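# Structural characterization, general
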Amino acid sequence: MKVLITTDLYKPQINGVVTSVVNLYSELKKLGVDVKILTLSKTRKSYIEGDVYYVSSFPVRVYPDVRASVSIQDKCISRLIKWSPDIIHTQCEFSTMNFAKIIALRTKAPIVHTYHTMYEYYIRYVSKYEKVGKSLMSALFKNLLRSCEYIIAPTNKVNRSLKKYGLTNRIKVIPTGIDLDKFNIDLLKEEEISLKENLGIDKNDKILLSLGRVAEEKNIDEIIDYFIKYKKTHANISLLIAGGGPYLEALKDKYKGNKKIYFTGMIDPQEVYKYYKMSDVFVSASQSETQGLTYIEALANGLPLLCKYDDCLDGILKPGFNGYFINSYEDFEENIQKIFSQDKEKISQNALDSSREYSKEYFAKSVYELYKVVIKNFVYVPIRVRPIRKVKKIINNYLIS
């Protein structure tokens, strides 16, 4: 089987889409699948590195690190058409999806799409008219995804969201898997002490960890406000905000002078496990996650979860077993006390046990089985590719205003 994965986002970026693509690629290769990746170059130059085809692109100034491309006659696309994939798996809805449709048109290959992003939480970055933006998104995605044989939803939350958009595609819920092995590393006590010293954290403090992309839609302010109130009556506790992002500097300025709040900035991916291992509880108030891979990573490191309820956490956070939900400061205070008064070894083991349902191996096998079903039952119908000039018109009229 020959599988082409297309994605606007790829290494060295660090986010859930990239994690999903990298894990899927590596595990499909282990299953004997011939896999190639089509993504965007970080420059205006196209090139090929092994199985990864980079198409020239330009920056889009609506959100940091976002790029786009209209290079539909690129050499990378021509070579992939000649390679002729059996199935195309799209991961993003914009530039590389247009390329995927062109390749599908020329090779008569079916398309499967994974819907990663809850775009309703990102409207503010592209349009000042949020209500109009949401209506536009609904119409846009119904059109963009119409030609997909199947859509993979990482959670039931995403499944419900897609149905609200009015999509009629067949949908399969497959949770994105993570590499659990990379967290099967012990953090030496000396390393932990050194890391705390470098950050300025008292070696005796318990640590609440918020780890991930620091963006306004992640609602980190709510956790910080709860923490500031909590530490007034509880000593020996720190809040660690780990990661970089567009809201980092604003957040640091806003809470400047508040003791016991620490910001790491961007972290080397090889060092991420250390921040999980040195912490005691994973905290989040985000409502914008599709699946929230950091929740699963936290569990894989033995951290109980303390999170604002979001239906993407259904089946992941099991109250009283591996963490607690919070919907108010009172919940925050009460449930921290519950976690700290419980048998730490037991709740940590519960967290580890919970994470095993989300291995990258199980994820890839589930996707591979779906590929086989799609290829077996696929009947080719020509795909209508929207002309680039019409896409540009939509962007100019609605998204950039």
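Our subject in this report is the structure included herewith. (Residues numbered from 1 in each chain as written. Predicted model: local features only at pLDDT ≥ 70, side-chain atom pairs only at ≥ 80, totals over all residues. Heavy atoms only, no water.)

### Thoughts on the packing of aromatic side chains
For the record, the criterion: Pairing of aromatic rings covers Phe, Tyr and the six-membered ring of Trp, with a centre-to-centre limit of 6.5 Å; geometry is then stacked below 30 degrees between planes, edge-to-face above 60, and tilted otherwise. Helix numbering and strand numbering both begin at the N terminus, where a helix is a DSSP run of H or I of at least 4 residues and a strand a DSSP run of E of at least 2. Burial status follows relative accessibility: with a 1.4 Å probe on protein chains alone, a residue under 20% of its type maximum counts as buried, one over 50% as exposed, and anything between as partly exposed. Charge over a ring is defined by NZ of Lys or CZ of Arg lying within 6 Å of the ring centre and within 35 degrees of the ring normal.
Counted according to the given criterion, the structure contains eleven aromatic pairs. Here the aromatic rings of Phe282 and Tyr295 are separated by 6.0 Å at their centres, their planes lie at 85°, and the arrangement is edge-to-face. You can see Phe282 sitting in strand 14 (residues 281–284) and its partner Tyr295 sitting in helix 10 (residues 293–300), a full 13 residues away along the chain. With relative accessibility at 2%, the residue Phe282 sits in the buried group. Judged by relative accessible area, Tyr295 falls into the buried class, the value being 1%. An aromatic cluster is present here, built from Phe183, Tyr276, Phe282 and Tyr295 joined pairwise through their rings. Over the ring of Phe340 we find Lys206, and its NZ or CZ is 5.2 Å from the ring centre.

### What to know about the sheet that holds strand 11 (residues 206–211)
To keep things clear, this is the line we draw: Pairing between strands is defined by DSSP: at least two bridges between them are needed. Only C-alpha atoms enter the line fits that serve as axes; for helices the fit covers just the stretch in contact. Angles between N-to-C directions range over 0 to 180 degrees.
The strand order 13-12-11-14-15-16 describes an open sheet built from six strands, whose pairing is parallel. Looking at which strands have only one partner, the edges of the open sheet turn out to be strand 13 (261–265) and strand 16 (323–326). Within the sheet, the average angular offset between the axes of one strand and its neighbour, ignoring direction, is 25°. Both strand 15 (residues 305–308) and strand 16 contribute to a ladder of four bridges, which runs parallel. Residue pairing for strand 16: Leu305 is matched across the bridge by Gly323.

### Comments concerning the sheet that holds strand 2 (residues 34–40)
What counts, and what does not: In this description, contact between two residues means that some pair of their heavy atoms is separated by no more than 4.5 Å.
Ordered in space as 3-4-2-1-7-8-9-10, the eight strands form an open sheet in which the pairing is mixed. Of all strands in the sheet, those bounded by a partner on one side alone are strand 3 (47–49) and strand 10 (170–173). On average, each strand axis in the sheet is inclined to that of its neighbour by 20°, with strand direction left out of account. Packed on one face of the sheet, helix 3 (residues 95–107) meets strand 1 (2–6), strand 2, strand 4 (52–55), strand 7 (87–90) and strand 8 (111–114) and runs near 135° to strand 2.

### Describing helix 5 (residues 156–164)
Of the positions making up helix 5, those classed as buried are Lys157, Val158, Asn159, Ser161 and Leu162. Among the structural elements, strand 9 (150–153) and strand 10 are those in contact with the buried residues of helix 5. Of the residues flanking the end of helix 5, it is Gly166, one or two places downstream, whose phi is positive at about 90°.

### Some details on the packing of helix 1 (residues 16–30) against helix 13 (residues 360–377)
Rules: Angular relationships are summarised with four words: roughly parallel below 35 degrees, roughly antiparallel beyond 145, roughly perpendicular across 65 to 115, and oblique for the angles in between. Here the nonpolar group is Ala, Val, Leu, Ile, Met, Phe, Trp, Tyr, Cys and Pro; Asp, Glu, Lys and Arg are the charged ones; every other residue, Gly included, is treated as polar.
Where helix 1 contacts helix 13, the two axes come as close as 9 Å, and the packing angle between them is 75°. If you check the angle between helix 1 and helix 13, you find them roughly perpendicular. On the side of helix 1, the interface is formed by Ser20, Asn23, Leu24, Ser26, Glu27, Leu28 and Lys30, while helix 13 contributes Lys360, Glu361, Phe363, Ala364, Val367, Tyr368 and Tyr371. Its residues placed into classes, the contact of helix 1 with helix 13 shows seven nonpolar, three polar and four charged.

### A closer look at the pairing of strand 13
Put simply, the test is: Handedness of a crossover is defined as follows: with both strands directed away from the viewer, a clockwise route from the first strand across the helix to the second makes it right-handed.
Direction of pairing for strand 12 (residues 237–242) relative to strand 13: parallel, over a ladder of four bridges. When the sheet's bridge partners are listed, Leu240 is paired in strand 13 with Tyr262. You can see the chain leave strand 12, run along helix 8 (residues 248–254) and come back into strand 13, and the turn it takes is right-handed.

Honestly, it's all geometry; don't read function into it.
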